[in-house]
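Now for the letters of each chain:
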Amino acid sequence: MRKLALSDEILLSIDKPSRYTGGEYNSYNKPWDSVTLHAAFCFPDVYEIATANLGMQIIYEQFNRRPDALCDRVYSPWLDLDKIMRERKIPLFAVESQQKVRDFDLLLITLQYEMCYTNVLGILDLSGIPLHASDRTEEDPIVIGGGTCTYNPEPMADFFDVFYMGESETQYDRVMDILIAAKNNGQRRITTLEQLAEVPGLYVPQFYEARYHEDGTLASFTPVNPHGKTRIRKEIVADMSADLPYPKHPIVPFTRGMMDRATLEVMRGCIRGCRFCQAGMIYRPVRNRSLEFLKKTAVEMLESSGYEEINLSSLSTSDYSEFAELLDFLLPYCEEHKINIGIPSLRIDAFSLDVMDKIQDIKKTSLTFAPEAGSQRLRDVINKGLTEEEILEGARQAFTGGWNKVKLYFMLGQPLETEEDVKAIPVLADKIARVYYETVPKEQRQGKVSIQSSTSFFVTKPFTPFQWAPMCREEEFTEKAMLVKETFREQLNRKSLVYHYHAENQTELEGLFARGDRRVGRAIEEAYRRGCIYDAWGEYLKYDVWLEVLNDLGLSFEFYNFRERPIDELFPWDFIDIGVTKEFLAREWQRAKEGKVTPNCREQCSGCGARCFGGGVCFEGQN
Amino acid sequence: MKVRIKFSKQGSLRFIGHLDVMRYFQKLNRRAALDLTYTKGFSPHQEMSFAAPLGLGLTSDGEYADIEFESLPGSSEELVKRMNEVSVPELQVIDAVLLPDQAKNAMSILAGADYELSFREGYEPEDPEGFFKALEDYLSRETIPVTKNTKTGTQDVDLKVQIREWRRLPGNRLFFKVDTGSRSNLKPEFIMECFYESLGREYDPLTFEVNRTEMYGEIDRKLVPLYAYGRRF
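Note that this is a predicted model, so its numbers are computed, not measured.

Caption draft 1: Highlighting the sheet that holds strand E18 (residues 497-501) of chain A. All names here are of chain A. The four strands lie next to each other as E15-E16-E17-E18, forming an open sheet whose pairing is parallel. Both edges of this open sheet fall to strand E15 (367-372) and E18, since each of them pairs with a single strand only. Between one strand axis and the next, the sheet turns through 20° on average, direction left out of account. Where helix H13 (residues 388-400) meets the sheet, it contacts E15, strand E16 (405-412) and strand E17 (450-457), and its direction lies at approximately 175° from that of E15.

This is how it looks when you write it as structure tokens:
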């Protein structure tokens, strides 16, 4: 029987103890002594959120399929256990082997959202690993960061030995080889870091120095160790049809997680080029997985896991080139095996509605549109590539097809937004309601139409055309939300319209971390020391503490969030090469100001730079 | 066709709650590609019911679930093998029997259960002989009236009636055969709690590791193991 790291006394006193006991179906559970290299993968949030992450599952598979390595899993202990572990000085452990994190050779931490940063420090602290990479000894694991937020790693630079920029499939085998050789030779840590620094896509922050102008902007960012590359180009898989690691036998958590389903990644990247969207830029170019792979993998995942649902995942699944063929296969298979299909990111058109009609069967739940902006002018500014006619036509078809609930997602506080744009949100919702009453004859109506609109606040992200743009202040956000609310009251069909907004002050912090530099790291550390953790969980965010810390350290939202940055400013993340050039982003920022739409990748190439990777949509139809 | 399976839940699976065990079986049954009966309607689910939830922290070698099949996968042995191939080592199917058409489900006929208690590490009595002597004295009384806290208030019960059998096992362990089910229900930890109280000592709920070993229905005042209601196929 496996020996558990926590006593029964503790496990029986905390919420959901199975978060910490491992042993899930399809977990590898490799014997500790059977391998040379011990890696622990950490998603710095609570188990149920963390287990949903596909990137983690891919890396878990990639490491464990090697006979000389194992990959275990680490999660943030929930606040109840966190408290006990601190009080009793119990070191953090990985769930499968139940071994202390500090006994691993490698600790991989994924940064999926900025608000998890204090949790990362919590992980290191509870593990007994010094927070600063520069304080770590030969006894500490090498700490590698990856994931979406590493595209601006600078706020977290002090806490990581290495960042891996890009997709794991290309270089982790080499990383494992280096670490295994290092372990066998008893090599010094610094030598290992120097070797890792030369691997494409890997960035060792302590080999670089940032200098700042008097006004606080970045003056220079240069390597101070000859092994550090001047520019770090992200790693991507150019050919998705290669034999890549994939969780074909996904771990099945005992406790219900956020994702109680199999995840089938149909493609990477997005052709659309919405100007607010970071994912749409950093994952360029679009690369399809092959239809054969998807068919085979879907069946294998479902049979090996017993999941009752499969999720077709990508940034815009309707844009998958062989979407119709994939559904022709999946629909009958899933019907026969009583499996639900989830397609979270569909564009609403006739084809999608037909698909939804088939997968939702009799239960016509609500339809979701994401116009992101209320007015056509602002949708052009953000390059949403969606016209009002398309939205209303989509709604008309949906109503004809029997739906009477529509959800609309908008963002407030986008760059160049005017009062008219804000007021256009309720107007658009009302127009959709009118379409319902025009389209559906009275005798066929089943109750009122329900149009739910919700707004989130826009956060400016690096590597987007809006990276120069100022963010709104908290009070501006609130004013805009109030204006939307008032305008809703003036609409003809107001009784069919519902409006929600989230007044989250975490928006400002998110902005600070997203475009911050190395100095922001000091604030993260200080806030953590003053008790901040689980900031992503609204109710635990100690916003006052954060404001105090920023004030004490002399860091301001003025500098990081509210100013429009000059077009020639050197950004903390400029040393990272995502393929898409800064010139292209600047061009897009200019076009945004002119309200000009840029066609999507399949309509016309706009020369963003991502062609340098030699694959994907940039080469479609050129065989 | 209704099949009753008996299964174990050991080791770290003692921290998996009852709802999660039900979810686990739904997926296990799919992995084993069993031909099960699904309910009709918008969201079809497997027709399956469990004899009795096992408390968090307890282990068992005698759990039961009744599952409705469309067609049987060969023999009992084959079904057990197929399910175990797609289960974790700490949850294993031990037996499978086919129930008569009119059989009631395990939950509704449940009347008794066997438990084995062993002292958790660090909780052993200093004087085991003295401990068991005192327990013997306590459980040998004519009646053992105690008051039980229930959801709605308190209830006076006689432990003597609810304990059908008990004995000391080698290694300072204890065996109890007690009433279980909707008519009369007794948890062995409650017996120990009452015993400690009778000695004027506080009972720490972590004192014993509890393993359920069998569950029973009742026919003519005799306990019949739940698997004996069907036959191997």
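Caption draft 2: Highlighting the interface of chain B and chain A. Contact residues are listed per partner, giving 25 residues for chain B and 30 residues for chain A. Where chain B abuts chain A, roughly 2,400 Å² becomes buried across the two surfaces, and 63% of that area is made up of carbon and sulfur atoms. Put simply, chain B and chain A have six salt bridges between them. Residues A:Asp8 and B:Arg120 are paired through a salt bridge, measuring 2.3 Å at the closest nitrogen-oxygen approach. Where chain B touches chain A, the interface holds 10 residue pairs in polar contact (both at pLDDT 80 or more). Counting residues per element, the side of chain B that touches chain A draws most heavily on helix H1 (residues 18-31) of chain B, which supplies seven residues. Looking at side-chain class alone, the side of chain B that touches chain A contains 11 nonpolar, five polar and nine charged residues.

Caption draft 3: Here's a closer look at the domain arrangement of chain B. Residues and elements named next belong to chain B. The assigned domain composition of chain B is domain 1 (2-108) and domain 2 (111-224). Here the C-alpha centroids of domain 1 and domain 2 sit 28 Å apart. Both faces combined, the contact of domain 1 with domain 2 buries some 900 Å², and carbon together with sulfur accounts for 38% of it. Put simply, domain 1 and domain 2 have two salt bridges between them. In this structure, the salt-bridge partner of Arg212 is Glu63, at a minimum N-O distance of 2.9 Å. Here domain 1 and domain 2 share 13 residue pairs in polar contact (both at pLDDT 80 or more) between them. No other element matches strand E3 (residues 59-68), which puts six residues into the side of domain 1 that touches domain 2. The residue makeup of the side of domain 1 that touches domain 2, split by class, is six nonpolar, five polar and three charged.

Caption draft 4: Summary view of the nonpolar core. Counting 133 residues, the largest nonpolar core has A:Phe63, A:Leu107, A:Leu111 and A:Leu124 as the members making the most contacts within it. Setting aside residues no more than four positions away along its own chain, A:Leu124 makes contact with A:Leu107, A:Ile109, A:Ile129, A:Leu131, A:Arg136, A:Val143 and A:Phe159. Judged by nonpolar contacts, the second largest core, of 101 residues, contains A:Leu294, A:Met301, A:Phe477 and B:Met48.

Caption draft 5: Just the pattern of salt bridges, in detail. Residue and element names in this part refer to chain B. Here the structure, examined in full by the defined rule, presents 70 salt bridges over all chains. For Arg4, the salt bridge goes to Asp66, with nearest N and O atoms at 2.7 Å. Here Asp66 lies in strand E3 and Arg4 lies in strand E1 (residues 2-9), a separation of 62 residues in the sequence. Glu165 serves as the salt-bridge partner of Arg167, at 3.0 Å between the closest nitrogen and oxygen. Residue classification places Glu165 among the partly exposed positions, given a relative accessible area of 33%.

Caption draft 6: Molecular detail of the sheet that holds strand E2 (residues 69-75) of chain A. All names here are of chain A. The strand order across the open sheet formed by six strands is E2-E1-E3-E4-E5-E6, and the pairing between neighbours is mixed. Either end of the sheet is taken by a strand with one partner, and the two such strands are E2 and strand E6 (202-203). Bridge analysis of strand E5 (residues 162-164) against E6 gives two bridges, and the strand direction is antiparallel. Pairing of Phe163 across the sheet is with Tyr203, part of E6. Here helix H7 (residues 189-197) sits on the sheet and contacts strand E4 (142-146), E5 and E6; the angle it forms with E4, its principal contact strand, is near 25°.

Caption draft 7: Representation of unusual backbone geometry within the structure. Residue and element names in this part refer to chain A. Along the chain, Arg284 connects to Pro285 via a cis peptide bond; the corresponding omega equals -5°. Here Pro285 is to be found in the loop between helix H8 (279-282) and strand E12 (287-288). Even without being glycine, Lys338 reaches a positive phi, approximately 55°. Within the secondary structure layout, Lys338 lies in the loop between helix H10 (323-336) and strand E14 (340-342).

Caption draft 8: Molecular detail of the packing of aromatic side chains. For the coordinates displayed, the defined rule picks out 50 aromatic pairs over all chains. Aromatic rings pair up to connect B:Phe119, B:Phe131, B:Phe132, B:Tyr138, B:Phe195, B:Tyr196, B:Tyr203 and B:Phe208 into one cluster. The side chain of A:Lys338 reaches across the aromatic face of B:Tyr38, ending 4.7 Å from its centre. Over the aromatic face of B:Tyr24 sits the side chain of B:Arg31, whose NZ or CZ is 5.5 Å from the ring centroid.

What counts as what
- Residues numbered from 1 in each chain as written.
- Chains lettered and ligands numbered in written order.
- Predicted model: local features only at pLDDT ≥ 70, side-chain atom pairs only at ≥ 80, totals over all residues.
- Heavy atoms only, no water.
- Pairing = 2+ DSSP bridges.
- Helix = DSSP H or I, 4+ residues; strand = E, 2+ residues; numbered from the N terminus.
- Axes fitted to C-alpha atoms, helices over the stretch in contact; angles between N-to-C directions.
- Contact = heavy atoms within 4.5 Å.
- Buried area = accessible area lost by both parts, 1.4 Å probe.
- Salt bridge = Lys/Arg side-chain N within 4 Å of Asp/Glu carboxyl O.
- Polar contact = N/O pair within 3.5 Å; in protein donor to acceptor, adjacent residues only side chain to side chain.
- Nonpolar A, V, L, I, M, F, W, Y, C, P; charged D, E, K, R; others polar.
- Domains from an automatic or database assignment.
- Core = buried A, V, L, I, M, F, W, Y, C linked by side-chain atoms within 4.5 Å.
- Buried < 20%, exposed > 50% of the residue type's maximum accessible area, 1.4 Å probe, protein only.
- Phe/Tyr/Trp six-rings, centres within 6.5 Å; stacked < 30°, edge-to-face > 60°.
- Lys NZ or Arg CZ within 6 Å of the ring centre and 35° of its normal.

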